[in-house]
Amino acid sequence: MDDAILERLGLLPPGTDLEALMRTALVGQIAGYYDPDTKELTVIGEDGGIGPADRATVAHEAIHALQDQEWDLNALKDAIPDEELDRELALRALVEGDATLGMSMWISRFGADLADAEPPDIPEGASLEELPPVLAQSLISPYLDGFTFLIGPFGRHGWDAVDAIWSRPPVSTEQILSGDVYPDHRPIPVALPDLAAALGDGWTRVGERTLGALVTATWASAGAPIGPLEMSLTGRAIPGIEVGRGWGGDRVVTLDGPDGAWLVAWQTAWDSPDDAAEMTTAAATAIAGLPGPGTVIPADLTGSGLADPVLVLLASDAATLDAAAAALGV
């Protein structure tokens, strides 16, 4: 994730050390892991022992090892450009959803002794509820929403259906959160022009991302808590999901300018005029809670004629916002 973009959108507190925060969060959540670089599986057991709950962790991580043998997890990840946050989250949902589904099948067959088992004794770190919602969602969604995404095809056609999805991995969190749109509904390409050149001397691009349906929903919910963390056969209550499900595509860039000025330009595309209107309303509420000025307008910076575009501009101050809007012709 790009901390400059997330901070300026209000998704992270100013000055967040994102890498350190993620390390702290993961320490508090991980009971074991499979490393596709070393091909080693590690379980964090108590006093070197493996209890009943740890065996479920072994089942989950062993499935990751099998995934790696069959599909090469590193190659799948390396094929995704660094700025494609949404596509990376979608791949993680396939990886973790598959392992969670397989673990649940293992528990149903071999885990009779898990009912009264104590959870794994892992080092204490930040709980999900203590994290900014965007980080909490990015950590938990691959497991919960990935499971829901796969359970339907698995229930209808078994593991062959899951394997078929691996042959054509999902490319957006919209496909994960609205499973009925996979695989045909693909993201609308949103390619921004050189906004630094449009703004003039002293402006430089410092970050660019595709955020996707999940992060957009989290932003539209204006910091609402992440909600119950439970696997579901029909999906969970995600704050802002009504907005997220209408997402069609997006691209966000943040730029630094002269004398400490900065700008965020977030171009979004929507599935319908009603979806665009829903985003416009939610965005107006979200930017009202941010320290800097912003505006939400039905503009298209791409020059490609996006259907149902919504542009969000945020700036360090009102003068910068006005100057940027004039320079961009909006």
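Source: prediction; values computed, not measured. Here, residues in each chain are numbered from 1, in the same order as that chain's written sequence. Local features in this predicted model are restricted to residues whose pLDDT is 70 or higher, and side-chain atom pairs enter the listing and the counts only when it is 80 or higher, whereas totals over whole chains, interfaces and linings include all residues. Excluding hydrogens and water, the side-chain figures rest on all heavy atoms present in the structure.

**Topic: the nonpolar core**
Applicable threshold: What we call a nonpolar core is a set of buried Ala, Val, Leu, Ile, Met, Phe, Trp, Tyr and Cys residues that are connected through their side-chain atoms within 4.5 Å. When a residue's accessible area, from a 1.4 Å probe over protein chains only, is under 20% of the maximum for its type it is buried; when over 50% it is exposed; and in between it is partly exposed. Residue contacts follow a heavy-atom distance rule, with two residues in contact if any of their heavy atoms lie within 4.5 Å.
L9, W219, W266, M279, V312 and L314 are the most contacted members of the largest nonpolar core, which totals 44 residues. Contacts of M279, omitting those with residues within four sequence positions, involve T216, W219, V243, W266, T268, W270, V310 and V312. V253, A261, L313 and A324 belong to the second largest nonpolar core, which has 20 residues in total.

**Here's the deal with the pattern of salt bridges**
Quick reminder of the rule: Criterion for a salt bridge: a side-chain nitrogen of Lys or Arg within 4 Å of a carboxyl oxygen of Asp or Glu. Going along the chain from the N terminus, every DSSP run of H or I of four or more residues is numbered as a helix, and every run of E of two or more is numbered as a strand.
Tallied over the entire structure, the rule returns seven salt bridges. For K39, the salt bridge is made with D68, and the minimal N-O distance between the two is 2.7 Å. You can see K39 sitting in the loop between β1 (32-35) and β2 (40-43) and its partner D68 sitting in helix α3 (residues 52-71), a full 29 residues away along the chain. Taking the shortest distance from any N to any O, the salt bridge between R251 and E84 comes out at 3.2 Å. Residue R251 is found in strand β4 (residues 247-256), and its partner E84 is found in the loop between α4 (73-78) and α5 (85-110); the two are separated by 167 residues along the sequence.

**Here we look at the pairing of strand β5 (residues 262-270)**
What counts is decided by this rule: The pairing criterion for strands is at least two bridges between them, as found by DSSP.
The buried fraction of β5 amounts to nine of the nine residues, a majority that puts the element mostly inside the structure. Every second residue of β5 is oriented toward a common face, with W262, V264, W266, T268 and W270 on one face and L263, A265, Q267 and A269 on the other, all of them buried. Alignment of β4 against β5, held across nine bridges, turns out to be antiparallel. Looking at the pairing, L255 lines up with L263 of β5. Connecting the antiparallel pair β4 and β5 is a turn made up of five residues, with D259 showing a positive phi of about 60 degrees. Bridge count between β5 and strand β7 (residues 309-315): seven bridges; the pairing is antiparallel. Residue pairing across strands places W266 opposite V312, the latter belonging to β7.

**So, the environment of I140**
Along the chain, the position of I140 falls in helix α6 (residues 133-157). Spatially, the C-alpha atom of I140 lies 8.3 Å from that of L128, the residues being twelve residues apart in sequence.

**Some thoughts on the sheet that holds β4**
Put simply, the test is: Only the contacting stretch of a helix is used when fitting its axis, a line to C-alpha atoms as for every element, and angles between N-to-C directions run 0 to 180 degrees.
Strand order in the open sheet made by the five strands is β3-β4-β5-β7-β6, with antiparallel pairing throughout. In this open sheet, the two edge strands, each paired with only one partner strand, are β3 (204-209) and β6 (294-297). The sheet shows a mean angle of 15 degrees between the axes of neighbouring strands, taken without regard to direction. Where helix α12 (residues 273-288) meets the sheet, its contacts fall on β5, β6 and β7, and the angle it forms with β7 comes to roughly 15 degrees. Running over the sheet, helix α13 (residues 318-328) touches β5, β6 and β7 and is turned about 140 degrees from β7.

**Observations regarding the packing of aromatic side chains**
Defined as follows: Stacked, tilted and edge-to-face are the three classes applied to pairs of Phe, Tyr and Trp rings, where Trp contributes its six-membered ring and a pair requires centres within 6.5 Å; stacked means planes under 30 degrees apart, edge-to-face means over 60, and tilted covers the rest.
A complete count under the given rule lists five aromatic pairs for this structure. Between the aromatic rings of W106 and F110, the centroid separation amounts to 6.0 Å while the plane-to-plane angle is 40 degrees, which identifies the pairing as tilted. Residue W106 and its partner F110 are both found in helix α5; the two are separated by four residues, about one turn of the helix.

**Notes on the confidence of the model for the protein**
How we decide: A score between 0 and 100, pLDDT records how confident the predictor is in each residue.
Here the protein averages 89 in pLDDT, and 89% of its residues register 70 or above. For residues 119-126, every residue scores under 50 in pLDDT, and the model assigns this stretch 25 contacts once sequence neighbours within four places are set aside.

**What to know about the environment of T42**
By the secondary structure assignment, T42 is in strand β2. Residues T42 and A62 lie 20 residues apart in sequence; the distance between their C-alpha atoms is 10.0 Å. With near-sequence residues (within four places) excluded, T42 lies in contact with G32 and Y33.

**Observations concerning the pairing of β1**
Burial along β1 is one-sided: G32 and Y34 are buried, and none of Y33 and D35, which face the opposite way, are. As judged from the four bridges shared by β1 and β2, these two strands associate in the antiparallel manner. Residue pairing across strands places Y33 opposite T42, the latter belonging to β2. Two successive antiparallel strands, β1 and β2, enclose a turn made up of four residues, where K39 displays a positive phi of approximately 65 degrees.

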